[in-house]
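# Per-entry structural report
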Amino acid sequence: MPNDIAWMTATELVANFADRSLSPVEVTAALLDRIEEHNPALNAFCLVDRETSIAQAQASEERWQRGVPAGKLDGV
């Protein structure tokens with residue numbers, strides 16, 4: 001998994017989802033881990049719902065695998 005997921009553009013993420021080199025679940029998990037690591041110092045998030053976020057990412061990943069994303073930014 002790339003170290004720089006947090007800095008990828010929406011265009012880069014979608015391209016990676018389309019060619020299956022990266023999945024919405026991987027991206028979501030990486031970003032949730034980053035929030036967990038940095039939020040105690042930043043206090044930027046008051047609510048982080050890991051379970052729902054991962055479930056939504058899994059649904060997006062399934063759509064990408066079927067070749068029918070919900071829209072141009074599905075999973076971003």
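Residues numbered from 1 in each chain as written. Predicted model: local features only at pLDDT ≥ 70, side-chain atom pairs only at ≥ 80, totals over all residues. Heavy atoms only, no water.

## Examining the environment of Pro40
So the rule is basically this: Strands here mean DSSP runs of E at least two residues long; helices mean DSSP runs of H or I at least four residues long; both are numbered from the N terminus. A 1.4 Å probe rolled over the protein chains alone gives each residue an accessible area, and that area as a share of the maximum for its type sets the label: buried under 20%, exposed over 50%, partly exposed in between.
Along the chain, the position of Pro40 falls in helix H2 (residues 24-42). By relative accessible area, which is 68% here, Pro40 ends up exposed.

## A closer look at H2
Each turn of an α-helix holds 3.6 residues, which means side chains three or four residues apart point in the same direction. The following threshold applies: For a residue, the bend is simply the angle between two axes, fitted respectively to the seven-residue segment ending there and the seven-residue segment starting there. The contact criterion used throughout is that any non-hydrogen atoms of two residues lie within 4.5 Å.
Of all bends in H2, the biggest is about 35°, found at Glu36, and the proline Pro40 comes one to four residues later. Listed in full, the buried residues belonging to H2 are Pro24, Val27, Thr28, Leu32, Ile35 and Asn39. Check the buried side of H2 and you find it contacts helix H1 (10-18) and helix H3 (50-66). Positioned one or two residues after H2, Asn43 has a phi angle of 55°, which is positive.

## Re H3
Note the following rule: Residue count minus one, scaled by 1.5 Å, sets the expected span of a helix. Working definition: the arc comes from the directions between the helix axis and the C-beta atoms, pointing outward to the latter.
Compared with an ideal rise of 1.5 Å per residue, which puts 17 residues at 24 Å, H3 spans 24 Å between its outermost C-alpha atoms and is within 8% of the ideal. For H3, the complete set of buried residues consists of Ile54, Ala57, Ser60, Glu61 and Trp64. Along H3, the residues classed as buried sweep out an arc of 120° about the axis, all on the same side. Opposite the buried face of H3, at more than 90 degrees from it, the exposed residues are Glu51, Gln56 and Arg66. Elements that come into contact with the buried residues of H3 comprise H1 and H2. Following H3 by one or two positions, Gly67 adopts a phi angle in the positive range, close to 80°.

## So, the side chain of Glu61
To keep things clear, this is the line we draw: All tallies of charge rest on Lys and Arg as positive and Asp and Glu as negative; His and the ends of each chain are not included. Criterion for a salt bridge: a side-chain nitrogen of Lys or Arg within 4 Å of a carboxyl oxygen of Asp or Glu. Any N or O atom pair separated by 3.5 Å or less is treated as a polar contact, with the protein-specific requirement of one donor-capable and one acceptor-capable atom, and with residues adjacent in sequence counted only for side-chain atom pairs.
Looking at where Glu61 falls in the secondary structure, it is placed in helix H3. For the buried Glu61, no salt bridge exists, and the shortest N-O distance to an oppositely charged side chain is 8.4 Å, to Arg20. Among the polar contacts made by the side chain of Glu61, one reaches the side chain of Ser23 at a distance of 3.3 Å.

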